[in-house]
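Working through the structure, step by step
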Amino acid sequence: MSGNPASDLSSAIAIPEAVLAACYADARRCYPNEACGLLFGPADAPLVDEVRVCENQQDRLHERDPATHPRTARTAYAFGFADLRALDASLSGARPAKIIYHSHVDVGAYFSAEDERAATFDGELIYPVDYLVIDCQRDGVRGAKLFRFAEGRFQLVTQLPAATE
C-alpha cells in the first residue's frame, strides 16, 4: 500500500508522534530554508514509522541556473539523486515511501501551486504518496497538514498539531 491508497480521503496514514517530532525537528534545523524528507512504512499497513531526512538541493540548482530555477531553498525544495532513487526503489518494496514532507517557511501550511507543479506531470501524480506540509515559523513549528491527490487535485486529509516543546 502506497501513501495514496485509491485516493480515499476518509483515512489518513498514521504518523506516530516520534515520526512527526523528527519532521518538525528537521524543519526547525533547516529554518529559514525549507526542509524536506521521506516517510516510509510497511506496505501492508496505513502507517509510517521511518524518517529519511533529505538535503534540500534547491540552492544548488538556483546557483547553477537561476533562470530555470528562480526559487531558492527558502521558498522551494528539491531532492538529490540519491533521495529520488531511494524513493523510487522503495515503491515496489516491503517498506515504501508513503509521504513526502517539506516545510513552508513563515507562510503557513498549504499546498501551493509550486508544490502541485512539482508533484504532478501533465495533471497526473508523479509518485503515489501523500504530502505533509509543515508550518515552520521563526519561533517554531505551528503544525502541519497532510494532503492527498484525489479527483484531480490535492485535498486536505488531516491537520496535525503544533510541536510540543
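Residues numbered from 1 in each chain as written. Predicted model: local features only at pLDDT ≥ 70, side-chain atom pairs only at ≥ 80, totals over all residues. Heavy atoms only, no water.

**A short note on the packing of aromatic side chains**
- The tally for this structure, following the rule as stated, stands at 6 aromatic pairs.
- Residues F111 and Y131 carry aromatic rings whose centres are separated by 5.5 Å and whose planes lie at 75 degrees to one another, so their mutual orientation is edge-to-face. Note that F111 is positioned in the loop between β3 (97-105) and α4 (113-119) and Y131 in strand β6 (residues 130-137), a separation of 20 residues in sequence.
- Through pairs of rings, three or more aromatic residues link up here, namely F111, Y131, F147, F149 and F154. (Phe/Tyr/Trp six-rings, centres within 6.5 Å; stacked < 30°, edge-to-face > 60°. Helix = DSSP H or I, 4+ residues; strand = E, 2+ residues; numbered from the N terminus.)

**Thoughts on the side chain of D115**
- One can find D115 in helix α4.
- It turns out D115 is buried and unbridged, and the closest side chain with the opposite charge, R71, is 7.0 Å from it.
- Among the polar contacts made by the side chain of D115, one reaches the side chain of H102 at a distance of 3.1 Å.
- Leaving out residues up to four positions away in the same chain, D115 has contacts with Y77, H102, H104, Y110 and V133. (Buried < 20%, exposed > 50% of the residue type's maximum accessible area, 1.4 Å probe, protein only. Lys, Arg positive; Asp, Glu negative; His and termini not counted. Salt bridge = Lys/Arg side-chain N within 4 Å of Asp/Glu carboxyl O. Polar contact = N/O pair within 3.5 Å; in protein donor to acceptor, adjacent residues only side chain to side chain. Contact = heavy atoms within 4.5 Å.)

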